[in-house]
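Coordinates in review
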Amino acid sequence: MNRPRTDHSDDTEKPFRIQKRRLGRIKVIKPEGEYGFIDSDDFREDVFFHFKAWEAYNGETFDIDSYVEFELDDDQFDEKKRLRAKVFRPTDRPDGKKLSARDATFDLVYHHPKARRRRPSWRDNQS
């Protein structure tokens, strides 16, 4: 059975991105414009957010110096070279704690489990 061929040459492929949850503190809130800025250790400049991007589960609110986690809007960065949070929410991580390998939910293997550790040959030659 022959299917009609569709030509998608005008469609551009969007890059696949893994969303990383970043941490920061709310630095400035402008209630009249319903936006603000997040100070993050990952970036030199502040990250813009809009009040509509707030994602709280228990009716929590945010204020200046609130510790939040956020996800960047990568499409906005590609177009205008500006940092904008598409989602930001309260975080349950302790203040200032970044994720490390110990926080992984799976076992980390640093070497092959069947690998043998050998003594360096130069140690055996010493007398």
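Every chain is numbered independently, its residues counted from 1 as its sequence is written. Totals for whole chains, interfaces and linings use every residue, but because this is a predicted model, local features are given only for residues with pLDDT of at least 70 and side-chain atom pairs only at 80 or more, for both listing and counting. Excluding hydrogens and water, the side-chain figures rest on all heavy atoms present in the structure.

**Things to note about the sheet that holds strand 5 (residues 85-90)**
- Pairing is antiparallel across the open sheet formed by five strands, whose spatial order is 3-2-1-4-5. Looking at which strands have only one partner, the edges of the open sheet turn out to be strand 3 (47-50) and strand 5. Averaged over all pairs of adjacent strands, the angle between their axes in this sheet comes to 45°, without regard to strand direction.
- By the bridge criterion, five bridges tie strand 4 (residues 67-72) to strand 5 in an arrangement that is antiparallel. Paired with Glu71 across the two strands is Val87, which belongs to strand 5. Pairing between two strands is assigned when DSSP locates at least 2 bridges connecting them. Secondary structure elements are defined from DSSP: runs of H or I of at least 4 residues count as helices, runs of E of at least 2 residues count as strands, and each element is numbered from the N terminus. Only C-alpha atoms enter the line fits that serve as axes; for helices the fit covers just the stretch in contact. Angles between N-to-C directions range over 0 to 180 degrees.

**Some words on the packing of aromatic side chains**
- Geometry of aromatic contacts follows a simple scheme: Phe, Tyr and Trp rings, the Trp one being its six-membered ring, pair when their centres are within 6.5 Å, and the pair is stacked under 30 degrees between planes, edge-to-face over 60, tilted otherwise. Here the structure, examined in full by the defined rule, presents 10 aromatic pairs.
- Ring geometry for Tyr35 and Phe37: centres 6.1 Å apart, planes at 90°, overall edge-to-face.
- Categorising residues by exposure relies on relative accessible area from a 1.4 Å probe, with only protein chains included: less than 20% of the type maximum marks a residue as buried, more than 50% marks it as exposed, and the intermediate range marks it as partly exposed. The class for Phe37 is partly exposed, based on a relative accessible area of 26%.
- Aromatic pair Phe51 and Phe62: ring centres 5.3 Å apart, planes at 75°, arrangement edge-to-face.

**Quick look at the nonpolar core**
- Residues Ile26, Ile38, Val47, Phe49, Phe70 and Phe88 are the most contacted members of the largest nonpolar core, which totals 13 residues.
- The set of elements that each furnish at least two residues to this core consists of strand 3, strand 4 and strand 5.
- It is strand 4 that contributes the most residues to this core, three residues altogether.
- Residues contacting Phe70, with those up to four places away along its chain left out, are Lys20, Arg21, Arg22, Leu23, Gly24, Ile38, Ser40, Phe43, Val47, Ala85, Val87 and Phe88. Here, nonpolar core refers to any group of buried Ala, Val, Leu, Ile, Met, Phe, Trp, Tyr and Cys residues whose side-chain atoms link them within 4.5 Å. Any two residues having at least one pair of non-hydrogen atoms within 4.5 Å are treated as being in contact.

**Overview of the environment of Asp42**
- Checked against the element boundaries, Asp42 lands in the loop between strand 2 (35-40) and strand 3.
- When its relative accessible area of 36% is taken as the criterion, Asp42 is described as partly exposed.
- With 18 residues separating them in the primary sequence, Asp42 and Gly24 have C-alpha atoms 8.6 Å apart.

**Here's the deal with the pattern of salt bridges**
- We define a salt bridge as a side-chain nitrogen of Lys or Arg found within 4 Å of a carboxyl oxygen belonging to Asp or Glu. For the coordinates displayed, the defined rule picks out six salt bridges.
- The residue Glu55 makes a salt bridge to Arg89 at a minimum N-O spacing of 3.0 Å. With Glu55 in the loop between strand 3 and strand 4 and Arg89 in strand 5, this pair connects stretches of sequence that are 34 residues apart.
- Take Arg89: its relative accessible area is 7%, and that puts it in the buried class.

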